[in-house]
Amino acid sequence: QVQLVESGGGLVQPGGSLRLSCAASGFTLGNYAIVWFRQAPGKEREGVACISNSDGTIYYGDSVKGRFTISKDNAKNTVYLQMDSLKPEDTAVYYCARPVYGCHDKPLTGEYWGQGTQVTVSS
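Chains are numbered independently. Their residues run from 1 in the order of the written sequence. Restriction of local features to residues with pLDDT of at least 70 applies here, the model being predicted, together with a cutoff of 80 or more for giving and counting side-chain atom pairs; totals for whole chains, interfaces and linings are based on all residues. Water and hydrogen atoms were dropped before computing side-chain values, which therefore reflect all heavy atoms in the structure.

Visitor: Quick one: what's the story with the overall build of the chain, residue by residue and with numbers?
Guide: Within the chain, the secondary structure is distributed over zero helices and eleven strands. Only DSSP runs of H or I reaching four residues or more are called helices, and only runs of E reaching two or more are called strands; each is numbered from the N terminus. The linear arrangement of helices and strands in the chain, starting from the amino end, is β-β-β-β-β-β-β-β-β-β-β. Summarising its shape, the C-alpha atoms of the chain cover approximately 40 × 30 × 25 Å along the three principal directions. Burial classes: relative accessible area under 20% of the type maximum marks a residue as buried, over 50% as exposed, and values in between as partly exposed (1.4 Å probe, protein chains only). In the chain, buried positions account for 41% of the 123 residues.

Quick look at the structure:
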């Protein structure tokens, strides 16, 4: 019954913003970390951001630091990814996932995944 559903993707111009949502069901967010991945055609999956379970510690990939913000609303059981100052290089399918253990997993791999939402940054 664990389910993750992404939404909020779309087409945006460079420099624009999007807010992605990851709605979780079948578990309580407060007990698990959530990571945002992205996958572009021909490129390896990249970890974008992760928010830990217990204290809410946040981690970002180097390529998005200062531009993206991960947050969660436990009452709504939803994780968000606010994406600002978007670049064409950010074009990818964005997935949220629940890590096996937490944000420090090596490798960081999702145990459960959403279906993904397409983000396209183009002028």
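Let us keep going from here.
Visitor: Describe the state of the cysteines, with residues and values.
Guide: Note on disulfides: each one is a pair of cysteine sulfur atoms within 2.5 Å. Tallied over the entire structure, the rule returns two disulfides. Note that C22 is cross-linked by a disulfide to C96, the S-S spacing being 2.0 Å. Every disulfide takes its handedness from the sign of the S-S torsion; for C22 and C96 that torsion is 75 degrees, giving right-handed. In this pair, C22 is assigned in strand β3 (residues 18-25) and C96 in strand β9 (residues 92-99), connecting sequence segments 74 residues apart. As far as the burial class goes, C22 and C96 line up, both buried. Described in terms of the sequence order of its bonded cysteines, the disulfide pattern of the chain is 1-3, 2-4.

Visitor: With reference to specific residues and values, describe the side chain of T117.
Guide: Following the sequence through the fold, T117 ends up in strand β11 (residues 117-121). Of note is the side chain of T117, whose polar atom sits 3.1 Å from the backbone nitrogen of G9. Whether two residues are in contact is decided by their heavy atoms: any pair within 4.5 Å suffices. If sequence neighbours within four positions are ignored, T117 has contacts with E6, S7, G8, G9, L20, A92, V93 and Y94. Side-chain atoms alone can form a polar contact between residues adjacent in sequence; in general such a contact is a pair of N or O atoms within 3.5 Å, and within protein one must be able to donate a hydrogen while the other accepts it.

Visitor: I'd like to hear about the packing of aromatic side chains, residue by residue, with values.
Guide: Only the six-membered ring of Trp is used, alongside the rings of Phe and Tyr, when aromatic pairs are assigned; centres must lie within 6.5 Å, and planes under 30 degrees apart are stacked while those over 60 apart are edge-to-face, with the rest tilted. Enumeration according to the criterion identifies three aromatic pairs in this entry. Where F27 meets Y32, the ring centres are 5.4 Å apart and the plane angle is 85 degrees; that geometry is what we call edge-to-face. F27 sits in the buried class, given a relative accessible area of 9%. Linked through ring pairs, F37, Y95 and W113 together constitute an aromatic cluster. Any Lys NZ or Arg CZ found within 6 Å of a ring centre and within 35 degrees of that ring's normal is scored as a charge over the ring. A cation sits over an aromatic face here: R19 above Y80, 3.9 Å from the ring centre. Against the face of Y32 rests R98, its NZ or CZ located 3.7 Å from the ring centre.

Visitor: Report on the sheet that holds strand β1 (residues 3-7), specifying residues and quantitative values.
Guide: For two strands to be treated as a pair, DSSP must find no fewer than two bridges joining them. Spatially, β1-β3-β8-β7 is the arrangement adopted by the four strands of the open sheet, whose pairing is antiparallel. At either margin of the open sheet sits one strand with a lone partner, and together these are β1 and β7 (68-73). Pairwise comparison of adjacent strand axes, ignoring direction, gives a mean angle of 15 degrees for this sheet. Pairing between β3 and strand β8 (residues 78-83): six bridges, direction antiparallel. Bridge pairing links A23 to T78 in β8. Every axis in this analysis is a line fitted to C-alpha atoms, fitted for helices over the stretch in contact. Angles between the N-to-C directions lie between 0 and 180 degrees.

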